[in-house]
Each structure stands twice: as structure tokens, then as C-alpha cells.
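# Examining the three-dimensional arrangement
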Amino acid sequence: LATETEHDVVVIGGGPGGYVAAIKAAQLGLKTACVEKRGALGGTCLNVGCIPSKSLLNNSHIYHQIKHDISHRGIEVDNVTLNLQQMMAAKDKSVKGLTSGIETLFKQNGVQYVKGTGTIVNENEVKVQPLEGSEEISLKTKNIIIATGSEATPFKGLEIDEKKVVTSTGAIALEKVPKKMVVIGGGIIGLEMGSVWSRLGAEVTVVEFLGAIGGPGMDADIAKTTQRILQKQGIKFKTATKVLSGDASGEGVKLEIENVKNQKTDTLEADVVLVAIGRRPYTEGLGLENVGIEKDERGRIIIDQEYRTKHSNIRVIGDVTFGAMLAHKAEEEGIAAAEYISKGYGHVNYGAIPSVMYTHPEVAWVGQTEQEVKQSGKEYVVGTFPFLANSRAKTNLDTDGLVKFIADKETDRVLGIHIIGAGAGEMIAEGVLAIEYGASSEDIARTSHAHPTLSEAFKEAAMATCGKAIHA
Ligand code: FAD
Ligand code: NAD
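One structure accompanies this document, and this report is about it. It should be emphasised that the depicted structure is a prediction, and the values quoted were computed from it without experimental measurement.

With that out of the way, let us pick up the nonpolar core. In this structure, F106, L139, I145, I146, I301 and Y307 are the most contacted members of the largest nonpolar core, which totals 51 residues. For this core, the leading source of residues is helix α1 (residues 16-27), giving seven residues. When sequence neighbours within four positions are dropped, the list of residues in contact with F106 reads Y19, A22, I23, C34, L41, V111 and Y113. If you look at the next biggest cluster of nonpolar residues, it comprises 36 residues, including M87, A171, V196 and A223.

Below, the structure written as C-alpha cells:
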């Protein structure tokens, strides 16, 4: 057993939570190591999540646009064909560039990258089974940050083979476009990956248990608009529908479904089924039992406000604990955890974490939904502005969607902002700042926005909230 000199911090997991925590800790002068077992840094997000899915979303959108939305723009293109292999290669190139970039950042900041599986032996020791070679390494440390992330929740009775029955990991790497794809779960993964394969030619049906799509956190009005727009693009939806069972023993996959309102059953057949019913915390082989650290009923590691477990030197961040499973949320926590260790204080404003779904149009939001504000009993005002009345959206021939503001009726403070429209994911940054700074809708309404930009719709929705919009 090779024993290293003592570290100040050992981070287990090299995803957006872990690698950011490690870099920040090193920047704060702490002797830091990061243990990652995947063979590449960047975690789920860079290797099989955010990055590859966005590469496919971008390029499938360009393909679809050139094929179906181009001649009325005065551009004639003949013989548009898909080279799926090349599209996948472009995706792999982006992933490789970004994951190896983190290795460079580790070197620049003096973080030790330990390739292998980390197991907590006791409060001050992490044992690593290296990826190469057989000799275990023992890392002695003053602090441990757990950032082991999450994995796809399986669907009982349907075995994942990542070919016919896939999670998002298989769905970003299919070798050919399926004729028929059924997506179980109409949340963010289902709608993003459903969009990719629908644009590339698959007949996609999304089966969602609840009455609305979008997963947790999406405003009900926006979810309805999203479903209408995606339906127009050719995706079929079966909401309020439960998948009872699946059979993948034949050539394709057969699913038995049930309408939850009238209990009517039906069968769906597909070449590929994507299971996208959520993700669950991942703690396999981590050795939590060696230190008596507890999880809740959903497998999330229990922590206090300062990310501490029952051992004050073992902290937990990202998907493996409470809160939204988002890369930027994990990153904020990584920085805060490193600051707690180094300085004794840190902070994340959970009320100002944006969510973005990268379909076309994009859907983005920050703060509370209208349903949440209503439930809180607060009196509120809603202001909306459609992209159909925005000059840039009109010149772009891309007018689907709207901006919706919710503000406190008494103080005009912005409580929530919800956007569906091209570029919503970039535009929401302004909403996050507004909420972070406690802005009123009038603050935004009186702020100049360049003309002609899509962001004028943002200003006009604020105008509609505190008074009246000019252009609608
Ligand atoms: P992870 O990224 O899961 O990283 C944990 C790492 O720990 C893994 O690399 C794992 O190998 C390693 N590990 C686990 N156990 C051990 C051990 N014992 N020893 C050593 N290493 C270990 N979020 C967004 O914000 N935007 C998006 O657009 C987005 N798109 C997504 C698309 C898909 C298809 C998926 C699946 C997810 C997406 N997410 C997105 C969610 C995002 O990927 C996660 O929220 C984020 O990766 C969480 O970061 P993390 O550091 O907590 O965990
Ligand atoms: P999700 O929680 O967003 O959605 C899962 C959906 O599946 C829900 O709408 C749920 O009602 C439905 N569902 C659950 N069980 C079902 C069943 N048996 N039959 C039919 N429907 C069922 O989960 P996800 O889409 O799998 O994504 C996982 C996580 O990854 C999320 O936390 C998400 O935030 C994150 N993610 C984020 C992004 C992004 O930020 N753009 C992209 C992908 C994933």
C-alpha cells in the first residue's frame, strides 16, 4: 500500500462539482487531490451529459433546419443527407477537448489527479484502487469532499442494454436513426434527446406519467406551450400515461401502457426505448458504511447547511446530495465547500439557480413558478410578451414562444422569470442577475436593451408587468 503525504483536501469524483471544488481548494492554497474512476475528468456532464447532448442538439437542429426550414429564406439546398458517424465524431471531439482541458487546469492549479476508485476508509483516509496497476494508494487527508454524482434511474422490468433499451448514455451514441423511438419520461432528458432523434428522422413518442411534460420546476403555462410547439415539430405525446411493463425479448421493444385517468391499456412498439425517468444519487463502493454516513429514502447523502455530514471534515456536493441535479449548481457548491474549508464561510443562493432545456425553442427559467407563488399566498402580477411581436424574432423567422414575468404585487420585486424562445438559455442570465440583485420589474423596464435583439422581448415583458408593453 503506497501512502502519500497528507493532503488538506481529497475530492472524490471529478465532475463539475468535484473538479471545480478541487481547483478552488488549490487556488485557496490547500494541498488537494481529486480521485476520478472514469478515466477522464468532467463527470457525467462533460462525458455523457450536458456536452455531448448539446453537440447533438445543435447539429441536429442545423440539419433539420436546412432540410425543412430553408427554402422560404431564399436558400435552395439540394440533397441534404445525414452523416451520423460524422455528427457523432464532432460530438466526441468537443467532449475530448473539454475533458482534457480540465487536466490542464489541474496542472496549472497544482491539483493532483488520481485515476481510480476512491473508498473512504475512515474520516482521514481515502483508499484508491487505481485504474492502472494493482497497488492501492492511501491518501491521508484533513478533509474529504464527496462529489460522486448520479446515475440513471432504471425502469423495473426493462433491462438496459444501451442499444435497444437505452439511458441517455446510449441515446447520445446510437449507431443509426431508429424508425420508432419511445421515450419513457417527458422530463428534460426525454425532451432533449427526443428532439435530437425526431429531427434526425425517428418517429418519437414520449410517454409521461404526469398530466404535463417538462419535469419538476417548469411553469405550467410554459409546459403547455412547450408541448404544443414540440407537437408541431412532430413529436407525439402520451401524457397521464403509465408504462406498465416492457418486453425487449423480440427484435424491437413492446411496452404496455395505461391511461391513468380511465385505466385503458394499449401497446406501443419501438426499435429503441429511452428510459428517462430521473436520476438517482451514486454512492457505490464509496465506503459510506465505514464512517456511518447516512442517506435519505431517495439515496441522497444527508448534509447540513455547510455541506457537512455527521463528520464535520467530510462534505458533500452536487447530484449525490439534495437539490437540483444541474452542473452549475454542483459547481457553485464546489466553490462554497472549498471556501468553507479554507475560510469558514461560503454561500450559494438557491433561489437564483437557472434551469435551461436546450430544445428548439429553448425553455429557461429562474425563481418561482406561478403555481409556487400562488401557493405561497402572496399577491402577484404576471406580465408576458410574445416573440411574435419582437422584431428580431420576426427577421429570424423564428417567432415561437414568449417571456413571462411574475412580480410581487405590492413591491414589484421579480419573483420568477420563464422564457420559451430561441436563445432563452442565454437570455435567462439577465433574469438571474435581476433576482440575485432583488430587482423590480420596473428596474428592467427602464433599462435600455439594444435594438433589434431578442432581449427586447425580455424588457417588454417587464414593461407589461409594471405597466404596459409598447409593442403588444
Ligand atoms: P457527476 O458529473 O456525475 O460526476 C461524478 C463523478 O464521480 C463521475 O465522473 C464518476 O465517475 C465519479 N465517481 C463516482 N464514484 C467515484 C468513486 N468512488 N471514486 C472515484 N470517482 C468516482 N446539467 C446542466 O446543468 N445542464 C445540462 O445541459 C445538462 N445536461 C445533461 C444531459 C444529460 C444526458 C445528463 C445525464 C445530465 C445532464 N445534466 C445537465 C446534469 C449534469 O450532468 C449533472 O447535474 C452534473 O454532472 C452533476 O455533477 P456532479 O459533479 O455532482 O456529478
Ligand atoms: P426529470 O426528473 O427531469 O424527468 C423525469 C420525468 O419522468 C418526469 O416528468 C416524471 O414525471 C416522469 N416519469 C417518472 N417515472 C415515470 C414512469 N414510470 N412513466 C412515465 N413517466 C415517468 O428527469 P430526467 O429527464 O431523467 O433528467 C434527470 C436529471 O438530469 C434532471 O434532474 C435534470 O435536471 C438533469 N438534466 C438537466 C439537463 C439540462 O439542464 N438541460 C439536461 C438533461 C438532464
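Moving on, we come to the site of ligand 1. Around ligand 1, the structure places 38 residues, and the nearest of them are E36, T44, K54, G118 and A327. At a separation of 2.7 Å, an oxygen atom of ligand 1 approaches a polar side-chain atom of K54. With respect to ligand 1, the side chain of H328 contributes an N or O atom lying 3.3 Å from an oxygen atom. In isolation ligand 1 exposes 1,000 Å². Once the protein is present, 94% of that is buried. Those elements giving two or more residues to the shell around ligand 1 turn out to be α1, β3 (32-36), α2 (43-48), α3 (50-68), β4 (112-122) and α9 (327-343).

What follows covers the sheet that holds strand β22 (residues 414-421). In space, the five strands of this open sheet follow the order β18-β19-β22-β21-β20, with antiparallel pairing throughout. Strands at the two margins of the open sheet, each flanked by one partner only, are β18 (355-357) and β20 (380-386). Each strand of the sheet is rotated relative to its neighbour by a mean of 10°, with strand direction disregarded. The sheet contact formed by β20 and strand β21 (residues 402-408) spans seven bridges and is antiparallel. Paired with P386 across the strands is L402, a residue of β21. Lying over the sheet, helix α14 (residues 455-466) contacts β20, β21 and β22, oriented at roughly 145° with respect to β20.

Reading the values: rules and limits
Here the residue numbering is sequential within each chain, running from 1 through the sequence in written order. Lettering for chains starts from A, numbering for ligands starts from 1, and both go in the order in which the items are written. Only residues with pLDDT of at least 70 get local features here, since the model is predicted, and only at 80 or more are side-chain atom pairs given and counted; chain-wide, interface and lining totals rely on the full set of residues. With hydrogens and water stripped out, all remaining heavy atoms of the structure feed into the side-chain values. Put simply, buried Ala, Val, Leu, Ile, Met, Phe, Trp, Tyr and Cys residues joined by side-chain atoms within 4.5 Å make one nonpolar core. The classification of residues rests on relative accessible area computed with a 1.4 Å probe and restricted to protein chains. Under 20% of the type maximum is buried, over 50% is exposed, and intermediate values are partly exposed. Helix and strand assignments follow DSSP, with helices taken as H or I runs no shorter than four residues and strands as E runs no shorter than two, numbered in order from the N terminus. Note on contacts: a residue pair qualifies if any of its non-hydrogen atoms lie within 4.5 Å across the two residues. Throughout, the term near means that a residue has one or more heavy atoms lying within 4 Å of the molecule or strand in question. Pairs of N or O atoms are called polar contacts if they sit within 3.5 Å, as long as, within protein, a hydrogen donor faces a hydrogen acceptor (for residues adjacent in sequence, only side-chain-to-side-chain pairs). Using a 1.4 Å probe, the Shrake-Rupley method yields the accessible areas, and only the shown protein chains count as cover for residues. A strand pair is defined by DSSP finding two or more bridges across the two strands. Note on geometry: axes are lines fitted to C-alpha atoms, helical ones only across the stretch in contact, with angles between N-to-C directions running from 0 to 180 degrees.

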